[in-house]
Number of protein chains: 2
Amino acid sequence: MGTRAGIVVTGTEVLTGRVADRNGPWVAEELQRAGVDVGTVIVVGDRPEDMRGALEYLAASGVDLVVTTGGLGPTADDLTAAVVGEAQGRPLDVDPELEQRVAAVVEKLMSRRGWRADPEATAAGVRKQAMVPAGATVLEPVGTAPGLVVPPADGRSGPVVVVLPGPPSELQGMWPAALAAGPVREVLAGAGELRQETIRLYGTLEAQLAATLRGLEDGLGGLEITTCLREGELEIVTRFAPDAQPAYDRLAAALAEEYAATLFSTGPTLDDLVAGALADQGLTIATAESCTGGLLVARLIERAGSSAWVLGGITSYANSAKEHLVGVPGEMLAEFGAVSPQVALALAEGARERFGADVGVGITGIAGPGGGTPDKPVGTVHLCAVGPSGQQARSVRLRGSRTAVRERSVVQAMHLLRQLLLGGPPA
Amino acid sequence: MGTRAGIVVTGTEVLTGRVADRNGPWVAEELQRAGVDVGTVIVVGDRPEDMRGALEYLAASGVDLVVTTGGLGPTADDLTAAVVGEAQGRPLDVDPELEQRVAAVVEKLMSRRGWRADPEATAAGVRKQAMVPAGATVLEPVGTAPGLVVPPADGRSGPVVVVLPGPPSELQGMWPAALAAGPVREVLAGAGELRQETIRLYGTLEAQLAATLRGLEDGLGGLEITTCLREGELEIVTRFAPDAQPAYDRLAAALAEEYAATLFSTGPTLDDLVAGALADQGLTIATAESCTGGLLVARLIERAGSSAWVLGGITSYANSAKEHLVGVPGEMLAEFGAVSPQVALALAEGARERFGADVGVGITGIAGPGGGTPDKPVGTVHLCAVGPSGQQARSVRLRGSRTAVRERSVVQAMHLLRQLLLGGPPA
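Let me sum up the structure you'll find in this document. Computed from a predicted model, the values in this text were never measured in an experiment. (Residues numbered from 1 in each chain as written. Chains lettered and ligands numbered in written order. Predicted model: local features only at pLDDT ≥ 70, side-chain atom pairs only at ≥ 80, totals over all residues. Heavy atoms only, no water.)

### With respect to the interface of chain B and chain A
Now for step 1: Contact with chain B, which involves 88 residues of that partner, is made by 90 residues of chain A.
Now for step 2: For the chain B and chain A pair, buried surface summed over both sides reaches about 7,400 Å², with 56% attributable to carbon and sulfur atoms.
Now for step 3: Counting the contacts that link chain B with chain A gives 6 salt bridges.
Now for step 4: At the boundary of chain B with chain A, the tally comes to 32 residue pairs in polar contact (both at pLDDT 80 or more).
Now for step 5: Element by element, the count of residues in the side of chain B that touches chain A is highest for strand E2 (residues 37-44) of chain B, at 8 residues.
Now for step 6: Split by residue class, the side of chain B that touches chain A holds 39 nonpolar, 24 polar and 25 charged.
Now for step 7: Relative to E2(B), strand E2 (residues 37-44) of chain A is paired through 5 bridges, and the arrangement is antiparallel. Paired with A:Val43 across the strands is B:Val41, a residue of E2(B). (Contact = heavy atoms within 4.5 Å. Buried area = accessible area lost by both parts, 1.4 Å probe. Salt bridge = Lys/Arg side-chain N within 4 Å of Asp/Glu carboxyl O. Polar contact = N/O pair within 3.5 Å; in protein donor to acceptor, adjacent residues only side chain to side chain. Helix = DSSP H or I, 4+ residues; strand = E, 2+ residues; numbered from the N terminus. Nonpolar A, V, L, I, M, F, W, Y, C, P; charged D, E, K, R; others polar. Pairing = 2+ DSSP bridges.)

Here it is as structure tokens:
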């Protein structure tokens with residue numbers, strides 16, 4: 001493929017997982033949308049030699065563009081601008097006008113939060129943030145840190161480096177300006193259109209799909225196919241240049257025929273499907289959750305505009321809450337136990353009734369690590385979704401840690417909802 | 001520092017952010033605990049040349065150990081074993097006994113899920129997963145994929161490569177066996193003890209801390225200090241060899257003195273502090289959430305054993321739910337609006353009363369992007385925590401996307417709880 005880019009994510013806090021990196025994937029997605037192929041993301045700590053090594057490696061691999069994220073703060077471990085300037089052969093100097101603009105932002109921020117700081121220390125930090133490699137384009141700060149577009153020094157070859165701040169909101173806010181900068185526009189002008197299509201199956205083994213793809217091998221020229229299995233969902237993503245569209249159409253038709261029983265989407269995500277069905281059918285929804293503790297309702301509410309269909313949920317972790325807040329009969333809890341199909345149904349019906357919702361979902365289970373019995377081991381989860389047109393229930397035994405069991409339960413519940421609202425492959 | 005490692009995370013789905021990588025940070029943390037310094041994590045797609053490039057780069061940078069994750073499945077895009085075998089000079093061959101063991105696992109998995117697949121396709125996938133570089137140590141599969149420990153071929157130099165599967169539960173389950181493998185043990189034997197300490201401030205600017213650290217510069221020899229600011233929390237992580245302990249003690253004392261007003265932890269996370277306070281004080285807790293939609297109660301329940309103190313929560317997204325399920329007076333909603341300090345307090349008290357909990361938390365706000373007014377713009381959030389010893393309330397205007405506002409509201413609520421239960425710096 002034509003235009004290629006690499007991404008360098010900096011920050012020891014990202015490297016050690018104290019903060020999950022959201023920037024690498026976000027930038028990769030944006031670049032791919034612009035027709036740029038991203039093959040590598042490198043995460044380095046705050047040591048200059050590691051960052052320098054990453055830049056050199058990407059330059060040597062022949063990419064046209066490098067995007068760095070993070071390391072633009074006022075402390076001594078924030079050294080991206082200096083390392084990039086050096087790598088591109090462009091020495092740094094203070095930009096006095098930028099210094100004034102950053103100082104104004106910092107002052108405003110501090111007064112709004114009511115924070116006090118030593119003026120001299122603040123000024124030193126501001127000056128550091130206003131250091132610009134000679135000839136670089138400054139991207140105006142969204143927070144306090146300006147970004148940079150740094151082409152190689154005159155007479156040098158190598159990628160254009162775009163330097164962006166670490167906080168995702170600042171980075172995303174600065175992205176349009178980065179794309180509009182001259183050197184970046186020149187790189188992107190060389191990028192062709194790249195299409196991406198996704199097909200989703202629920203309940204097909206990866207090995208089976210591999211055999212299907214091997215059988216089609218001759219007809220797949222020009223398609224870059226990747227498959228990913230998670231939580232029972234097999235996602236098939238295909239990227240291709242426009243001239244390979246006929247090959248993709250053949251692939252899509254072959255998969256639709258062979259996997260009619262498990263294909264549940266030729267594009268939209270599970271969340272898209274559930275939200276779309278609720279909106280299209282004019283239905284409201286409420287949940288009553290035990291082991292998932294509010295994760296399902298939080299996921300339903302994540303979508304902007306969801307207040308039109310989500311009424312709310314009750315996290316009835318204690319039995320007394322199941323009884324008094326959701327209306328699960330005390331005798332039922334005593335007879336079948338809190339983790340039972342009967343209670344899952346009563347939770348779904350209780351959620352529906354208490355919130356006056358059209359659709360109710362109930363989840364009860366044992367997320368562990370404690371609480372399991374021989375009869376009901378850790379991972380036992382009962383789910384039920386009740387709507388105007390009927391109900392769907394499922395009892396499963398999920399593997400994995402407490403977090404995994406809770407997350408998988410939410411996925412199961414979403415598929416149950418999909419099946420209740422749209423039919424299609426069983427949850 | 002002594003022993004160094006690099007990590008290669010594979011998978012186009014990770015590169016493009018469709019799946020968040022949990023393996024890189026997890027492995028980095030484990031290696032650091034074993035005294036190994038991890039400077040670089042490289043994420044590559046499913047193209048062999050990118051993976052080969054990453055291995056070569058890490059080898060050239062002089063690391064002693066490389067850990068790869070993912071790319072061990074049965075499909076054609078899973079090629080880690082082949083690329084690593086080639087890089088280490090060890091050609092692949094089928095291990096017939098391993099093939100039988102993998103086949104048995106796959107068969108059991110399929111019969112449990114009730115899945116059917118073409119036997120020939122399954123056998124081809126199994127055979128692929130049983131391909132082992134000559135002289136490598138096989139790590140028994142936790143799921144279906146075996147792992148590998150691949151030292152350089154005899155007579156070659158370079159790092160030992162540990163090949164692990166992508167699903168986090170499989171990777172983590174296989175980790176003890178990886179550490180126990182001879183070549184890995186030899187590498188780890190050279191690693192010295194590395195200590196790590198964390199100090200957390202709430203409400204101090206990074207620039208101010210930078211000035212403090214500059215003032216102490218002479219006394220900080222042997223300490224590797226990184227700072228990270230997020231959601232108002234400034235995290236200061238220091239790593240050092242045992243002989244630098246006195247330097248660390250001086251740093252900790254200086255920070256404790258200078259930041260007495262904002263230092264809220266010399267180790268435990270915010271979640272540790274809140275859970276510990278509830279457990280130690282024998283208090284139960286319940287929530288009533290609007291804009292955060294269950295995220296707070298889900299976070300409180302995330303911790304194993306939390307059923308001892310978390311009774312549950314109500315996500316009262318609709319006004320009718322606030323009124324009928326939590327008991328917020330209809331007149332109050334009409335007079336002050338759902339997003340008001342009065343309603344936050346009524347939600348906190350309602351949660352306490354409905355669940356019979358000692359502590360109640362109420363959150364109401366406008367997460368956006370719609371729903372804002374000039375009077376109550378998007379980002380307006382009112383929070384309240386009520387307990388046996390009093391109450392804490394806060395009204396804030398948060399910036400960022402819908403997701404950011406919801407997440408920041410949860411952080412604010414956790415700090416409010418910390419302050420209610422433990423005192424210390426204001427939320």
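Continuing now.
### Some remarks on the pairing of strand E14 (residues 310-316) of chain B
Now for step 1: Of all the 7 residues making up E14(B), 7 are buried; the element is thus mostly covered by neighbouring parts of the structure.
Now for step 2: Pairing of strand E14 (residues 310-316) of chain A with E14(B), which is carried by 5 bridges, proceeds in the antiparallel orientation. Directly across from A:Ile314, in E14(B), lies its bridge partner B:Ile314.
Now for step 3: Of the pairings in the sheet, the one linking strand E13 (residues 285-289) of chain B to E14(B) comprises 5 bridges and is parallel in character. Bridge pairing in E14(B) places B:Thr287 opposite B:Gly313. (Buried < 20%, exposed > 50% of the residue type's maximum accessible area, 1.4 Å probe, protein only.)

### Focus on the relation of the copies chain B and chain A
Both copies of the chain are related through a single rotation about an axis accompanied by a shift along the same axis.
Now for step 1: Least-squares fitting of chain B to chain A yields an RMSD of 0.1 Å, with the superposition described by an axial translation of 0.0 Å and a rotation of 180 degrees. Such a combination of rotation and displacement between the chain copies is what one expects of a two-fold axis.
Now for step 2: In this assembly the copies share their binding face: 100% of the residues contributing to the interface of chain B also contribute to that of chain A. (Least-squares fit on C-alpha atoms with pLDDT ≥ 70 in both.)

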